[in-house]
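Here are the chains, one letter per residue:
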Amino acid sequence: MKSIFFLSAILLTIGYQNSAAQNPLSQNTQVEINSGWVTPFLQSGSELMRAEGLRNNGQSYFAGSEGNRRQVGDYSGLSGFSFGIGFYKPVRWAKGLMLGAVVRNSQTGSEPEEGGYEEGYFFNFLTAGAAAKYYPFEANNVFLLADLGLGAVFTKNRFLNESNEQEFFHQFGIGSSGSIGVGYAFTPFSNKEKALELRVIYQQLSTRVEVNGIGDDQWQFGALNVGTAIVF
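Here's what I pulled together on the structure shown here.

Each value, and the rule that gives it
- Residues numbered from 1 in each chain as written.
- Predicted model: local features only at pLDDT ≥ 70, side-chain atom pairs only at ≥ 80, totals over all residues.
- Heavy atoms only, no water.
- Pairing = 2+ DSSP bridges.
- Helix = DSSP H or I, 4+ residues; strand = E, 2+ residues; numbered from the N terminus.
- Axes fitted to C-alpha atoms, helices over the stretch in contact; angles between N-to-C directions.
- Contact = heavy atoms within 4.5 Å.
- Buried < 20%, exposed > 50% of the residue type's maximum accessible area, 1.4 Å probe, protein only.
- Arc of directions from axis to C-beta.
- Salt bridge = Lys/Arg side-chain N within 4 Å of Asp/Glu carboxyl O.
- Polar contact = N/O pair within 3.5 Å; in protein donor to acceptor, adjacent residues only side chain to side chain.

## Some remarks on the sheet that holds strand β8 (residues 215-231)
Now for step 1: Taking strand neighbours around the barrel as the criterion, the eight strands line up as β1-β2-β3-β4-β5-β6-β7-β8 in a closed arrangement whose pairing is antiparallel. Ignoring strand direction, the axes of neighbouring strands in this sheet form an average angle of 25°.
Now for step 2: Summarising the sheet, strand β6 (residues 166-186) and strand β7 (residues 195-211) pair through 14 bridges and their orientation is antiparallel. Residue Val182 lies in a different strand from β7, and its bridge partner there is Val200.
Now for step 3: Along the sheet, helix α2 (residues 46-56) contacts β1 (30-44), β4 (120-134), β6, β7 and β8; its crossing angle with β1, the most-contacted strand, is approximately 75°.

Here's what the structure looks like:
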């Protein structure tokens, strides 16, 4: 998370110092609708990593009274899709720099080979925060992105209990989030204030989750988001 803050500060500093770059796309307020493919990278957290270990071993999340778990097969890697909205306004004292806000909702999950609908894991997260967008070149539509704010995580384990009944175990946490990214804007429309963007974004979240038997469980995870945005 510290690296996200550091790189975001660099982005803002560059925007302030470089007064020569004035890309036309940076001169008007932007509203964006974004979407992408996302895959999370689980890093730390007692319950977060314990559950991942069970999936890596092909075991059910549910343990019987004697602690036994049934084998459900290998889980696929976590992946899914993200959707979001954002807006940016030009900063007049720093040409090429825009400031605003962005919200992203990511829905990911995986299922084992043999478990079918009976078993599954869903890992969803939401971020919202202040954002910066910077066009470093006047005649090239490459741009940099960064945001800092709040992050929330929602997980669901789906399994069969001892009575062979379907059950779900949910967990929720909230904390901080940040991201950095790079992209390129295409302007194929007659209105040159509109654009179609391709971007790659790395997100980092740190959330506190209340877990039975553990208490405050600090979860940290990253996510790679590759997607597009329509800007108007």
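There's plenty left to go through after this.
## Concerning α2
Now for step 1: Buried residues of α2: Glu47, Leu48, Ala51, Leu54 and Arg55, and no others. Projected onto a plane normal to the axis of α2, the buried residues spread over an arc of 125° and lie on a single side.
Now for step 2: Packed against the buried residues of α2 are β1, β4, β6, β7 and β8.
Now for step 3: Where α2 ends, the next residue or the one after it, Gly58, has phi of about 70°, a positive value.

## Here's the deal with the pairing of strand β5 (residues 142-160)
Now for step 1: Direction of pairing for β4 relative to β5: antiparallel, over a ladder of 15 bridges. Bridged to Gly120 within β5 is Arg158.
Now for step 2: Bridge analysis of β5 against β6 gives 19 bridges, and the strand direction is antiparallel. Looking across to β6, one finds that Gly149 is bridged to Ser177.
Now for step 3: Where β5 folds back onto β6 in an antiparallel hairpin, the turn is made up of five residues, including Asn164, whose phi is positive at roughly 65°.

## Some remarks on the pattern of salt bridges
Now for step 1: Applying the stated rule across the entire model yields nine salt bridges.
Now for step 2: For the salt bridge of Asp147 with Arg104, the shortest nitrogen-to-oxygen distance reads 2.9 Å. Linking Asp147 in strand β5 with Arg104 in strand β3 (residues 97-110), this pair joins segments that are 43 residues apart in sequence. For the pair shown, Asp147 and Arg104 are each scored as buried.
Now for step 3: Between Arg158 and Glu111 there is a salt bridge, with its nearest N and O atoms 2.7 Å apart. Residue Arg158 is found in strand β5, and its partner Glu111 is found in the loop between β3 and β4; the two are separated by 47 residues along the sequence.
Now for step 4: Given a relative accessible area of 37%, Glu111 falls into the partly exposed group.

## What to know about unusual backbone geometry
Now for step 1: You will see that Asn164, though not glycine, has its phi angle at about 65°, which is positive.
Now for step 2: When you line up the elements, Asn164 lands in the loop between β5 and β6.

## Examining the environment of Glu118
Now for step 1: One can find Glu118 in the loop between β3 and β4.
Now for step 2: Considering only alpha carbons, one finds Glu118 and Trp93, 25 residues apart in sequence, at a separation of 57 Å.
Now for step 3: Those residues in contact with Glu118 that lie beyond four places of it in its chain are Arg70, Arg158, Phe159, Leu160 and Gln166.
Now for step 4: Side-chain polar atoms of Glu118 contact the side chain of Arg70, separated by 3.1 Å.

## With respect to the pairing of β4
Walk down a regular strand and you will see the side chains alternate between the two sheet faces.
Now for step 1: Within β4, 11 of the 15 residues are buried, which leaves the element mostly enclosed by the surrounding structure.
Now for step 2: Here β3 runs beside β4; their pairing, made up of 14 bridges, is antiparallel. Bridged to Arg104 within β4 is Thr127.

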